Amino acid sequence: MILATRDLTKRFGRVVAVSGVSLEVPRGVRFGLLGPNGSGKTTLVRMLLGLVHATSGHIEVLGEPMPKRAATVLPRVGALVEGPAAWGHLSGRANLRLLDAAGRGRAGRRRADRVDEALDRVGLGGVDRRPVRAYSLGMRQRLGIAAAILREPELLLLDEPTNGLDPRGIQEMRALLTDLNAAGTTVVLSSHLLTEVEALCTDVGVMDRGRLALTSSLDALRAPTGRILVRTPDPAGVVGVLDGQVLGRAGELVTVRGTDPVAVNAQLVARGVPVSGLVLEQRSLEQVVLEITGAGSDRVDRARSEGPR
Amino acid sequence: MILVELRLMLRKRRVWLCWLLLCALPTLVAVLLATTRLAPPPGRGGAFLSAVVSNGQIFPAAALALVVPVFLPITVAIVAGDTIAGESSAGTLRYLLVRPVGRLRLLVAKLVSVAVFVLLAVLFVTVVSYAVGVVAFGFGPDASLGGGGAIPSLSGVELSPADVVFRTATTVGYLALCMLALGAVGLLFSTLTDSPLAAALGVLALVVASAAVQPLDAAAAIEPFLPTAHWLAWIDLFRDPILWADVREGALVQLGYVVVAFGAAWANFSTKDVTT
C-alpha cells in the first residue's frame, strides 16, 4: 500500500470534518477521491501531507507513519492542495527554483534543468519573465502541477487538478497523468467532477459527510445493469419481436432486459427489424455517487419544522 | 531555506520602499535645517539635532533618534507581520511545508530575514544620514585644520573618528537588537493569524501601549520590562565616558523578548493546522 489510513478522524471545534476513515490505496493505481463539496476530501489530503494534524487515527504514506516521518516521506510526494499558489511578484520559473531550493537535497545545475523540464511537461516551457501575478487561472494551474511533478515523486496527491483549465488543457493533463502513472507514479486525485475521474482513474473512493462511503475499482462500480438499450427507427417492431423482455420505450430508444447484446441483435436482424444502435447498459459513476451521497455542505435546507407561519 | 527567504525578501518592492522612506525622513529634516539654519535649542527637539548644524558628522545619531520612536517600528511591524501570515494568505505556506521545509527551520529563516531587514534598515539610515549630514553641514570646525573633524560627545569632550565609528557601530547593533525584539513579537503574531495586516497592527498596538504606560509613575514596577523602555538608551553611548548600565540592561530585556516571543511562536506554529 502506498497510502493507508486507519480510523482517521479530524474535528475542528465541534465540526467533524473527517470521521473514521480507513482508506487503502495500492501502489501504481490512479485513484480518484470523489464526494460533494465539504465532504472532507481536502481535509483528508491535508492530513496525509501533515498540514493538518489528525484528532485520532493512524496514517501511513509510502509505508511510513505521518506526520512523524514527514521529512523522509514528503520529498517523495508531489502535491497540489486546494488550488495552486505562488509568490506573485516572481516569475513562474523563479517560483519553482526557489521552492526547490527551499528544501534539502539536490541543487545546482540540475535544478535549472529540472525546472525547465517540469515546465515543458505542463506546457509552460516558453513562459517569459512576467510575474505570476499576471498569469491566467489556467497558467497558474499548470504551474501548480509543474511544482508537484518537479522532483519526480512516487506519489502524486492532486486536489482538483483540472480547475481552471479549458477542455484542451484538461485533455493534456489527463495525458500527462496517464504517462506519469505508466512510468510508475501512483496518482491520487480528488475531484467533484465525476467525468474527470471516470476518464482517468482505475479506482475510486467516495466520501460523504466526512465518512468514506465506498472504495472500489471503477470497473466493478460500472457493472452491467442487466439491461440493453436498443436504438431503432422501428420501435414497434422491436416490441413485437422481444415482447415480454421490453422494459421501456422512449422515442427511438427501447430498453430491453438481457445481458447479451449480440444475441439480441441477431434476433432482431433475423426478423427484419432495423437496428441503428445497441449497447449494454452500465451503471454510470454519477448514478453510483448520487445513490450513496447526500447533498453537499454548500446546500443549506430549511429544517422541516420551520415552515412559513 | 534561509538563503531562499532572503532572496524572497530582497525581491519585494515593499521592503525597499520601507528602507527608502526610512532614509527619506532624516534627509528631509537635514534639508530643512540646512536651508533655514534653525536648529532646535539644546534640550528641545530630537536628540543631537542642536549639535548637527555645527557638525554634520553627528547627524547619523540625530537621524536614528528621529526614526526610532515611530517610523522604524512601523516598518518592522509591516515586515515581521508579513512573515508567516503573508505566506499563509498567499497559500505558499502549504507548499513550503510539503516541499518539505521543517516548521522550525521556516520560523528560523523568517526570524533571520527580519534580523537582516532591521540591521540593513538601521545601517542604511546611518550611512545615508552621514553622507547627507556631511554634505549639508560639513565636517565641523576642525575640518579646515585637517584634524579629520573631531566630534563633540554629549558630555562636551571631543571624540576621535575611530571612537565615533565604534560608538556608531555599537548603536547600530543595539538598535537592530531592539527592533529584532519587536520583529520576534511580530513573528509570533504572524503565526496567530492569517492576516498580515492584523499581525502588523498587533505589533503597533504593543508599541503604542508600551509608550503610553512607560511615563506613568504607577507603572514603575514594570517599566524596565516594557519593550520601548530602552529604545533611547543608546544615547548614553555618545557620552564620555560611556554609561553602559542602561544599554546592558536594555540589551538583556530585548534579548529576552526575542527568546520568549520566538519560543511562543514555535510552540504555536509547530502544532498548528494549516488550513489555508
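Residues numbered from 1 in each chain as written. Chains lettered and ligands numbered in written order. Predicted model: local features only at pLDDT ≥ 70, side-chain atom pairs only at ≥ 80, totals over all residues. Heavy atoms only, no water.

For chain B, an unreviewed UniProt entry supplies the name ABC-2 type transport system permease protein and the organism Pseudonocardia oroxyli.

Our working definition: UniProt positions are given in the numbering used here, feature names are shortened, and annotations may be inferred rather than shown by experiment.
As recorded in an unreviewed UniProt entry, chain A goes by the name ABC-2 type transport system ATP-binding protein, listed as coming from Pseudonocardia oroxyli. Quoted verbatim from the Sequence similarities (unreviewed entry) field of the UniProt record, the comment on chain A reads "Belongs to the ABC transporter superfamily."

## Here's the deal with the sheet that holds strand β10 (residues 203-208) of chain A
Residue and element names in this part refer to chain A. Quick note on the threshold: Paired strands are those between which DSSP finds at least two bridges. Here a strand is any run of E in DSSP of at least two residues, a helix any run of H or I of at least four, and the numbering for each starts at the N terminus. Lines fitted to C-alpha atoms define the axes here, with helix axes fitted over just the stretch in contact, and angles between the N-to-C directions of these axes take values from 0 to 180 degrees. The contact criterion used is simple: two residues touch if any of their non-hydrogen atoms lie within 4.5 Å.
Ordered in space as β7-β8-β9-β4-β10-β11, the 6 strands form an open sheet in which the pairing is mixed. The open sheet has two edge strands, β7 (77-80) and β11 (211-217), and neither has a second partner. Taken over all neighbouring pairs, the strand axes of this sheet differ in orientation by 15° on average, direction set aside. Across 6 bridges, β10 lies against β11 in antiparallel orientation. From the neighbouring strand, V206 faces β11, where its bridge partner is L214. Relative to the sheet, helix α6 (residues 167-182) contacts β4 (30-34), β8 (155-159) and β9 (186-191), its axis offset from that of β9 by approximately 145°. Helix-sheet contacts for helix α11 (residues 285-292) involve β4, β10 and β11, and the interaxial angle to β10 is about 30°.

## A look at helix α2 (residues 13-36) of chain B
All names here are of chain B. How we decide: The length a helix should cover is 1.5 Å for every residue beyond the first. We call a residue buried when its accessible area falls under 20% of the maximum for its residue type, exposed when it is over 50%, and partly exposed in between, using a 1.4 Å probe and counting protein chains only.
When the terminal C-alpha atoms of α2 are compared, their 34 Å separation across 24 residues agrees well with the 34 Å that a helix rising 1.5 Å per residue should span. Those residues of α2 that fall on the buried side of the exposure criterion are V15, C18, W19, L22, C23, P26, V29, A30 and L33. Looking at the packing, one finds that the buried side of α2 touches α1 (2-10), α3 (49-52), α4 (59-67), α5 (71-90) and α7 (103-137). Backbone geometry just downstream of α2 places R37 in the positive-phi region, at approximately 55°.

## A word on the environment of W244(B)
Residues and elements named next belong to chain B. Structurally, the position occupied by W244 is in helix α10 (residues 244-270). C-alpha of W244 to C-alpha of G56: the two residues are 188 residues apart in sequence and 26 Å apart in space. With near-sequence residues (within four places) excluded, W244 lies in contact with F166, T170 and L237.

## Some words on the packing of α2(B) against α5(B)
Residues and elements named next belong to chain B. Operational definition: Should an angle fall under 35 degrees it is called roughly parallel, over 145 degrees roughly antiparallel, and 65 to 115 degrees roughly perpendicular, with every other angle called oblique. Each residue gets one label: Ala, Val, Leu, Ile, Met, Phe, Trp, Tyr, Cys and Pro are nonpolar, Asp, Glu, Lys and Arg are charged, and the others, such as Gly, are polar.
Viewed as axis vectors pointing N to C, α2 and α5 meet at an angle of 175°, and their least axial separation amounts to 10 Å. In terms of their interaxial angle, α2 and α5 are classed as roughly antiparallel. Taking contact as the criterion, the partners of R14, V15, C18, L21, L22 and L25 in α2 are, on α5, F71, L72, T75, I78, V79 and D82. For the contact of α2 with α5, a count of residues per class yields 9 nonpolar, 1 polar and 2 charged.

## Side note on the nonpolar core
What counts, and what does not: Only buried residues count toward a nonpolar core, which is a set of Ala, Val, Leu, Ile, Met, Phe, Trp, Tyr and Cys residues joined through side-chain atoms within 4.5 Å.
Judged by nonpolar contacts, the single largest core of 157 residues is most densely connected at L49(A) and W234(B). Per-element accounting of this core gives the leading share, 13 residues, to helix α8 (residues 161-192) of chain B. Not counting residues within four places of it along the chain, the set of residues in contact with L49(A) comprises M66(A), L74(A), V77(A), A79(A), V81(A), L157(A) and V98(B). Counting residues in each nonpolar core, the second largest holds 10 residues, with I228(A), V230(A), V254(A) and V256(A) among its members.

## Focus on the domain arrangement of chain A
Interface size, as often reported, equals the accessible area lost upon joining of the parts. Inclusion rule: These domain limits were set by an automatic method or by a database of domain assignments.
Domain assignment breaks chain A into domain 1 (3-221) and domain 2 (224-282). On a C-alpha basis, the centres of domain 1 of chain A and domain 2 of chain A stand 44 Å from each other.

## Section: the interface of chain B and chain A
Quick note on the threshold: Once two parts are brought into contact, the accessible area they lose, counted with a 1.4 Å probe and summed over both, makes up the buried area. For this analysis, a salt bridge means a side-chain nitrogen from Lys or Arg found within 4 Å of a carboxyl oxygen belonging to Asp or Glu. The definition of a polar contact used here is a pair of N or O atoms within 3.5 Å, where within protein one atom must be able to donate a hydrogen and the other to accept one, and adjacent residues in sequence count solely through side-chain atom pairs.
Residue-level contacts link 27 residues of chain B with 32 residues of chain A. Taken together, the two surfaces of chain B and chain A that pack against each other cover about 2,500 Å², and 60% of this comes from carbon and sulfur. Per-residue buried area on chain B facing chain A is highest for Y95(B), V98(B) and R99(B); these three make up 28% of the total on that side. Viewed at the interface, chain A and chain B are joined by 2 salt bridges. A salt bridge links D100(A) to R99(B), with the shortest nitrogen-to-oxygen separation between them at 3.8 Å. At the junction of chain B and chain A, the tally comes to 17 residue pairs in polar contact (both at pLDDT 80 or more).

## A closer look at α4(B)
Residue and element names in this part refer to chain B. When you tally the buried positions in α4, you get 8 out of 9 residues, the bulk of the element. For α4, the complete set of buried residues consists of F59, P60, A61, A62, A63, L64, A65 and V67. Taken together, the buried residues of α4 touch α2, α3, α5, α7 and α8.

## Here we look at the pairing of strand β2 (residues 15-21) of chain A
Examined bridge by bridge, strand β1 (residues 3-12) of chain A and β2(A) share 4 bridges and lie antiparallel to one another. In the sheet register, K10(A) faces β2(A), and the bridge partner there is V18(A).

## Quick notes on the sheet that holds strand β14 (residues 253-257) of chain A
All names here are of chain A. If you walk across this open sheet you meet the 4 strands as β13-β14-β12-β15, and the pairing is antiparallel. If you trace the sheet from one side to the other, it starts and ends with β13 (246-250) and β15 (277-282), each paired once. Averaged over all adjacent pairs, the angle separating strand axes in this sheet is 20°, with direction ignored. As paired strands, strand β12 (residues 224-231) and β14 are joined by 5 bridges and run antiparallel to one another.

## Considerations on the state of the cysteines
By definition, a disulfide links two cysteine residues through a covalent bond between their sulfur atoms. Residue and element names in this part refer to chain B. So the rule is basically this: Disulfides are defined in this document as cysteine sulfur pairs within 2.5 Å.
In this structure the tally under the stated criterion is 0 disulfides over all chains. Not part of a disulfide, C18 finds its nearest cysteine sulfur in C23, a span of 11 Å. Exposure remark for C18: the relative accessible area of 8% places this residue in the buried category.

## Side note on a nonpolar patch on the surface
Inclusion rule: Here the term patch refers to residues with relative accessible area over 30% and no salt bridge, with like charges joined within 9 Å and nonpolar side chains (Val, Leu, Ile, Met, Phe, Trp, Tyr) within 5 Å. For the accessible areas, the method is Shrake-Rupley and the probe is 1.4 Å, while residue cover comes only from the protein chains on display.
Taken together, the side chains of I2(B), L104(B), V108(B) and W266(B) define a hydrophobic patch exposed on the protein surface, amounting to about 320 Å² of accessible area. Overall, the relative accessible area of 33% leaves V108(B) in the partly exposed class.

## Here we look at unusual backbone geometry
Residues and elements named next belong to chain A. Residue P67 is bonded to the preceding M66 through a cis peptide linkage, with omega at 0°. Summarising the element assignment, P67 is placed in the loop between β6 (64-66) and α2 (70-73). Of note in the backbone geometry, E152 takes a positive phi value of approximately 45° without being a glycine. Relative to the helices and strands, E152 is located in the loop between α5 (137-149) and β8. By relative accessible area, E152 is classed as exposed at 55%. With a phi angle near 50°, E160 is a residue other than glycine that sits in the positive phi range. Relative to the helices and strands, E160 is located in the loop between β8 and α6. The buried category is assigned to E160, whose relative accessible area is 13%.

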